[in-house]
Amino acid sequence: MSLPKLNKFPSAKLSPEQISALEASAKRARVAALTMVSAAKSGHPAGAFSSMEMFLTVYGVADLTPENCSEINRDYVIISHGHTSAGVYAALSEWGFIDRDEAMAHFRNCGSAFQGHITREVPGIDWGTGNLGQGLSGGVGFALAQRANGHKGRVYILMGDGGQTKGQIAEARRMAVKENLTGLTALVDWNDIQLSGERKKIMPCNIKAIWEADGWEVKEVNGHSFAELYDGLKNAGANGKPTVLLCHTIMGRDGLAMEGVADYHGKAPSREICDEIIKHLGEDPEVLTSAIERRKTPPTYKGRKIDYPPAPNIDTGRPFDYEGKKIADNRGAFGKALADVGKLNYKKPGRTPILVFDCDLLPSVMTGKFRDECPDNFIQCGIQEHSVATASGTASIAGVVSLWAEFGVFGIDEVYNQQRLNDINHAGNKTVLTHVGLDVGEDGKTHQCIDYVGLMRNMFGWKLVVPVDPNQTDRVTRWMLKTPGDICLAVGRSKIDGLNYYAGDYEFTYGKADKLRDGKDGSIFALGYMAQIALNAAEILSRDNNIDVAVWAVSCPLSPDMNALKEAAKTGTILTVEDHNANTGMGAVMILEAARAGIALPGVCTLGLNRYGASGTSDAVRKEMGLSAEDIAGEFMKAVKK
């Protein structure tokens, strides 16, 4: 029996014939999910069975098909409880997204697209998840992008009940209501069993009350009834609110010995139990035998290729120039450039919308001018960093330029997991970190983000730029907004000199170090604004020691300039300087990459931070931490003597 066409709700209610076809599909899908887990000897079969009708209904009604699943203007589906992947793949096979036999044989098999937790390489998967609590935030991001693009689509988020205690979900609930995202529909698989046992014993939570308290339209339905699910989804948003369907289900539904048993939340049943369940569902256990045999051969399906979002269609304008002594700060130059680009593109037909997210730091991260110029594209999210990190990531793959400006300790340290998922999902998130390094002022050690290079270094796709002065910051901001991929711009807060080097016709090139001063007796490589302090150190060395050193400004610490290193190696001693953890920052990256490239460094010393800093003005804290111009000159002389 073929499945009925349900995309975009063609009928007021499901007919008996449609329900019968869907129920037959659910039996086939449960067999497929059980076969996947059994052939792999690992997985989450009971949860897959519990959510099966939810998966089939959502993928049936959504404007999401094998033909349009890689396009922008359509509906979006996020499976937040990504460990139920076997059920998701089974449902997708029923709707024609993937091959059933391939998924059954090569689930959780190395080299296969069908990983243990869902990934975007599988058509129909819009966001790779598994870290519970991420999905609703991702749905908010998709909905905001749809709104900015003028597309009146829907976004569906499927979740488990155990994860409802996570704080990020509460953040996302509030964001959705504040932004009036009525096209957003969440479905909670409420089966009261978690991996370790009964939900109420593990961590009690009044699921209905918390959604109602945050202003959602709450409906309770039988999660195994196609008729109730269809009706609930069709009428979602009718009352002018985001809607959640609390779907009462049975863990392991229709799985005989698996029903209601926590043991099968995360393990495959025995072959004997599998055979019984498969027969009960109307198929021959040979389907499992065939899958096991096929598993002996290499997987043939690697999945679709996931690229970063394409370059946006925006006008980046003409850079501003800053000249003179300490007339501007890098964060201010960022804010001015952002507002300029925003104004040039705001609501212009054919231009890619630019969304800017803020977490109650507007005066400090300099996004106020953008808000004034582009009010409808400015998203004030309050103090909810975890949800925003995910929402800005999902928005970036749904047809907008997405930027989030935040203090360094909140935008990377606090939300490392979310930024890691942005990396895994090949998002195009633009994260601007202010108050990095020691340039925080009197806030003190709790707010000194002195590990951001190391954290970004742990990931594989992020680009990181630490500009030297306001001129370079302006140009980097414009470059970042038009460049695909996840990009982090990191700046301090103090007013600094605008250097002529970066004014005028200067064009930023990612990975290029800039020689600000020539020298024959050694080289100093300095990260970001520290280059200006290194220039002062070079003058001290020339005056007091008659030593002529080159000064190189490094703005891309994750991508060292090999040509610059080769040139510097010929001058002798090399000193790297940064207000960052000395063990994981620019210096460590440069030494490693030089070794990999076979560049012999005659003498190299890294100067950075080996402890958390004090509270005081940036100049005072740098001096306390041994990073003043005099300290840098002294360290260079020590390196020469070594």
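Residues numbered from 1 in each chain as written. Predicted model: local features only at pLDDT ≥ 70, side-chain atom pairs only at ≥ 80, totals over all residues. Heavy atoms only, no water.

A.B. asks: If you had to explain the packing of helix α1 (residues 16–40) against helix α4 (residues 85–94) to someone new, which residues and values would you point to?
C.D. replies: Relative orientation of the contacting elements α1 and α4 amounts to 135°, with a least axis distance of 8 Å. For the element pair α1 / α4, the angle class is oblique. For α1 against α4, the interelement crossing comes out right-handed. Across from Ser 25, Arg 28, Ala 29, Ala 32, Ala 33, Met 36 and Val 37 in α1, the residues of α4 making contact are Ala 86, Gly 87, Tyr 89, Ala 90 and Glu 94. Of the residues belonging to the contact of α1 with α4, the class tally is eight nonpolar, two polar and two charged. (Axes fitted to C-alpha atoms, helices over the stretch in contact; angles between N-to-C directions. Helix = DSSP H or I, 4+ residues; strand = E, 2+ residues; numbered from the N terminus. Parallel < 35°, antiparallel > 145°, perpendicular 65-115°, else oblique. Left-handed = near helix turned anticlockwise from the far one by under 90°. Contact = heavy atoms within 4.5 Å. Nonpolar A, V, L, I, M, F, W, Y, C, P; charged D, E, K, R; others polar.)

A.B. asks: So what's going on with the packing of aromatic side chains? Residues and values would help.
C.D. replies: Within the structure shown, the criterion is met by 14 aromatic pairs. On the numbers, 5.9 Å between centres and 5° between planes, the contact of Phe 407 with Phe 410 is stacked. The residues Phe 407 and Phe 410 share a single accessibility class, namely buried. Among the aromatic residues, those joined into a ring-pair cluster are Tyr 89, Phe 107, Phe 114 and Tyr 301. Here the guanidinium or amino end of Arg 173 rests over the ring plane of Trp 211, the centre of that ring lying 5.1 Å away. (Phe/Tyr/Trp six-rings, centres within 6.5 Å; stacked < 30°, edge-to-face > 60°. Buried < 20%, exposed > 50% of the residue type's maximum accessible area, 1.4 Å probe, protein only. Lys NZ or Arg CZ within 6 Å of the ring centre and 35° of its normal.)

A.B. asks: If you had to explain the pattern of salt bridges to someone new, which residues and values would you point to?
C.D. replies: A complete count under the given rule lists 35 salt bridges for this structure. One network of salt bridges, in which partners are shared, links Arg 147, Lys 178 and Glu 179. (Salt bridge = Lys/Arg side-chain N within 4 Å of Asp/Glu carboxyl O.)

A.B. asks: Explain the sheet that holds strand β2 (residues 155–160) to me, using residue names and the numbers behind them.
C.D. replies: Sheets are built from strands paired through backbone hydrogen bonds, the pairs being either parallel or antiparallel. Taken together, the five strands give an open sheet; going across it, the order is β1-β2-β3-β7-β6, and neighbouring strands pair in parallel fashion. Strands with a single pairing partner mark the edges of an open sheet, and in this sheet they are β1 (76–79) and β6 (217–222). Taken over all neighbouring pairs, the strand axes of this sheet differ in orientation by 20° on average, direction set aside. Across six bridges, the pairing between β6 and strand β7 (residues 243–248) is parallel. Within β7, the position partnered with Val 221 by the bridge is Cys 247. Packed onto the sheet, helix α3 (residues 52–61) meets β1, β2, β3 (184–190) and β7 and runs at close to 175° relative to β2. (Pairing = 2+ DSSP bridges.)

A.B. asks: Let's hear about empty space enclosed by the protein: which residues, and what values?
C.D. replies: The final tally for this structure, using the stated rule, is three cavities of 30 Å³ or more. Of the volumes computed, that of the largest cavity is approximately 80 Å³. For the largest cavity, the full set of lining residues is Asn 330, Val 436, Gly 437, Tyr 452, Val 466, Pro 467, Ala 490, Val 491, Gly 492, Leu 527, Tyr 529 and Asp 579. Taken together, the residues of the lining of the largest cavity break down into eight nonpolar, three polar and one charged. (1 Å grid on protein atoms, 1.4 Å probe; cavity = no way out; pocket = protein on both sides within 12 Å on 5 of 7 lines; lining within 4 Å. Points joined across faces, edges and corners; volume = space filled by probe spheres on them.)

A.B. asks: How would you summarise the nonpolar core if you had to cite specific residues and measurements?
C.D. replies: A general tendency of soluble globular proteins is for nonpolar side chains to be buried together. The biggest cluster of nonpolar side chains holds 95 residues, and the ones touching the most others in it are Leu 403, Tyr 452, Ile 524, Phe 525, Val 577 and Ile 632. Here the element with the most residues in this core is helix α21 (residues 530–545); it accounts for eight residues. Excluding residues that lie within four positions of it along the chain, Phe 525 makes contacts with Trp 552, Val 554, Ala 564, Leu 565, Ala 568, Ile 574, Leu 575, Thr 576, Val 577, Met 586 and Met 590. Core analysis: the next-biggest nonpolar cluster, separate from the first, contains 70 residues, Ala 33, Ile 79, Ala 113 and Tyr 156 among them. (Core = buried A, V, L, I, M, F, W, Y, C linked by side-chain atoms within 4.5 Å.)

A.B. asks: Requested: an account of the sheet that holds strand β20 (residues 604–609), with residues and values cited.
C.D. replies: On the basis of which strands lie adjacent, the open sheet formed by five strands has the order β16-β18-β17-β19-β20 and mixed pairing. A single partner strand is all that each edge strand has here, and the edge strands are β16 (514–517) and β20. Averaged over all adjacent pairs, the angle separating strand axes in this sheet is 25°, with direction ignored. The pairing of strand β19 (residues 574–581) with β20 spans five bridges and is classified as parallel. Among the inter-strand pairings, Asn 581 is bridged to a residue of β20, identified as Leu 609. Contacting β16, β17 (523–527), β18 (550–554) and β19, α21 runs over the sheet at an angle of about 155° to β17. Its contacts with the sheet place helix α22 (residues 562–569) against β16, β17, β18 and β19, and it is angled at close to 150° to β17.

A.B. asks: An account of helix α6 (residues 135–148) is requested, with residue identities and associated values reported.
C.D. replies: Spanning 14 residues, α6 covers 20 Å between terminal C-alpha atoms, matching the ideal 20 Å at 1.5 Å per step. Of all 14 residues that make up α6, 12 are buried, and the element is covered over most of its length. Of all the residues in α6, the buried ones are Gly 135, Leu 136, Ser 137, Gly 138, Gly 139, Val 140, Gly 141, Phe 142, Ala 143, Leu 144, Ala 145 and Gln 146. Of the residues flanking the end of α6, it is Gly 150, one or two places downstream, whose phi is positive at about 70°. (Expected span 1.5 Å × (residues − 1).)

A.B. asks: Tell me what's going on with the pairing of β18, and back it up with residues and numbers.
C.D. replies: A large share of β18 lies buried, amounting to five of its five residues. Pairing analysis gives three bridges linking β16 to β18, with the strands arranged antiparallel. In the sheet register, Arg 517 faces β18, and the bridge partner there is Val 551. Bridging between β17 and β18 involves five bridges; their strand directions are parallel. Note on β18: the bridge partner recorded for Leu 527 is Val 554. Regarding the hand of the β-α-β motif, the stretch spanning β17, α21 and β18 is right-handed. (Right-handed = clockwise from strand over helix to strand, strands pointing away.)

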